[in-house]
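Observations on chain architecture
Now for the letters of each chain:
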Amino acid sequence: MVAIIRRPSWEIAERLATPESVYLNRRSILKGMGFGAAAALSHGAVVAAAEADPTADLYPAKKNEKYKIDRPVTPEEINANYNNFYEFGTSKDIAANAQNLVVRPWEITIDGLVEKPFTIALDDLVRKIPLETRLYRHRCVEAWSMTIPWAGFPLKSLVAMANPQASAKYVRFETFLDPDMASGQGNFLYPWPYIEGVTIEEAGNDLSFMVTGAYDKPVAKQHGAPLRLHMPWKYGFKSIKSIRKISFVEERPVGLWEALQPSEYGFWANVNPEVAHPRWSQATERVLDTGERIPTLLFNGYAAEVADLYVGMDPSTLYM
Ligand code: MTE
């Protein structure tokens, strides 16, 4: 059992992990057969889901021109069919199973060291804070990357709504827990629910983003509908999906992956090409879907925005 815990499939050394090439091959075979857009989850199904969503009128959200990047946007059908969402399975191919995620009603509880804990429906929350679209790099600890047009609002707006006490040092995020809905949560090798945490200073950084949409519509279930985090200067596992609870706490939260394997998945998880994962290099990354290998950048290219957060801290702890 320990061996299984210590080697979940997404931790496999990159040279051994081929699911996307298998997937891309499958796509080109389907394309060759004339099925093109029908591969895996059809675009039509995604659009139909968006139409039924009572928040659909909020998209496309106004583009925030500050967050543009020098990379092409990853095609939606690639992004929508290559995911890490262990609640729905340990492969990348969870999009179909993730459609079991019931996103309405969906309430988010804000508690812990705040002026007054409260619970709010997602459909109300998204109308309280203006939404915007941002282009963000997304870099997984497995060394693949994408570029995504997210929509949502800055995490710091939510922090302001919560009005945390001075003693709150960290923000802790928790995903739903429902093994009947999410078959992966029946896998007792993982300490469900998925948890992640960031410092209150990180939560206040302009880049920290609560995602409610992507590709000009409500965010798809496989991406962590209806509310997920994205911290683009950190490895993707920090960006917790399908958030139910946000707690302001004094103690540093221990995330699911840190709980499983602290020597490989630390609290900070800041992207650094010079600090290898214990089992593979982080110097370069594979761009999906082109497969091109490009150099990884310190803080995933966001050093100007975030380096100040870590001044004076021990660098040997910050990059894993
Ligand atoms: N959040 C939850 N609840 N469950 C997960 O398994 N996987 C993480 C992160 N958030 C995960 C999660 C990992 S490892 C990555 S790389 C990103 O989500 C993947 O996001 P994407 O599938 O939208 O690209």
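Residues numbered from 1 in each chain as written. Predicted model: local features only at pLDDT ≥ 70, side-chain atom pairs only at ≥ 80, totals over all residues. Heavy atoms only, no water.

1. Topic: the overall build of the chain
Along its length, the chain carries 11 helices and 12 strands. Relative to its full complement of 320 residues, the chain shows a buried share of 55%. If you take every contact in the chain between residues at least 6 apart in sequence, the share linking residues at least 24 apart comes to 74%. Of the roughly 13700 Å² that the chain leaves accessible, carbon and sulfur atoms contribute 57%. (Helix = DSSP H or I, 4+ residues; strand = E, 2+ residues; numbered from the N terminus. Buried < 20%, exposed > 50% of the residue type's maximum accessible area, 1.4 Å probe, protein only. Contact = heavy atoms within 4.5 Å. Areas by Shrake-Rupley, 256 points an atom, 1.4 Å probe, with all protein chains shown as cover.)

2. Let's talk about unusual backbone geometry
Leaving glycine out, the prevailing phi sign among residues is negative, and the prevailing peptide bond configuration is trans. Residue P105 is bonded to the preceding R104 through a cis peptide linkage, with omega at -5 degrees. Cis rather than trans, the peptide bond between A225 and P226 has omega equal to -5 degrees. Here P226 is to be found in the loop between β8 (217-218) and β9 (228-230). Backbone geometry places A143, a non-glycine residue, at a positive phi of 80 degrees.

3. Comments concerning the nonpolar core
Of all hydrophobic cores here, the largest spans 85 residues; its most connected members are F173, M210, I246, F248 and W257. The leading source of residues in this core is strand β4 (residues 144-154), at six residues. Aside from chain neighbours lying at most four places away, what touches I246 is I108, T109, I110, D111, L158, V171, R172, F173 and M210. (Core = buried A, V, L, I, M, F, W, Y, C linked by side-chain atoms within 4.5 Å.)

4. Observations regarding the site of the ligand
Lining the immediate environment of the ligand, one finds 18 residues, of which Y86, E87, H223, R228 and K241 sit closest. Separating an oxygen atom of the ligand from a side-chain N or O atom of N83 is a distance of 3.0 Å. Within the backbone of S239, one N or O atom sits 2.9 Å away from a nitrogen atom of the ligand. With the chains in place, 100% of the 540 Å² that the ligand exposes on its own is no longer accessible. (Near = heavy atom within 4 Å. Polar contact = N/O pair within 3.5 Å; in protein donor to acceptor, adjacent residues only side chain to side chain.)

5. Focus: the packing of aromatic side chains
A full pass over the atoms with the stated rule returns 18 aromatic pairs. With a centroid separation of 5.8 Å and an interplanar angle of 85 degrees, the aromatic rings of Y67 and Y136 are classed as edge-to-face. Taken as a pair, Y67 in the loop between α3 (43-51) and α4 (76-79) and Y136 in strand β3 (residues 132-139) lie far apart in primary sequence, 69 residues in all. Considered together, Y67 and Y136 belong to a single accessibility category, that of buried residues. Between Y190 and W192, the aromatic rings sit 5.7 Å apart at their centres with planes inclined by 40 degrees, giving tilted as the arrangement. No difference in accessibility class separates Y190 from W192, as the two residues are buried. One aromatic cluster in this structure is built from Y86, Y190, W192, F237, W257 and Y265. (Phe/Tyr/Trp six-rings, centres within 6.5 Å; stacked < 30°, edge-to-face > 60°.)

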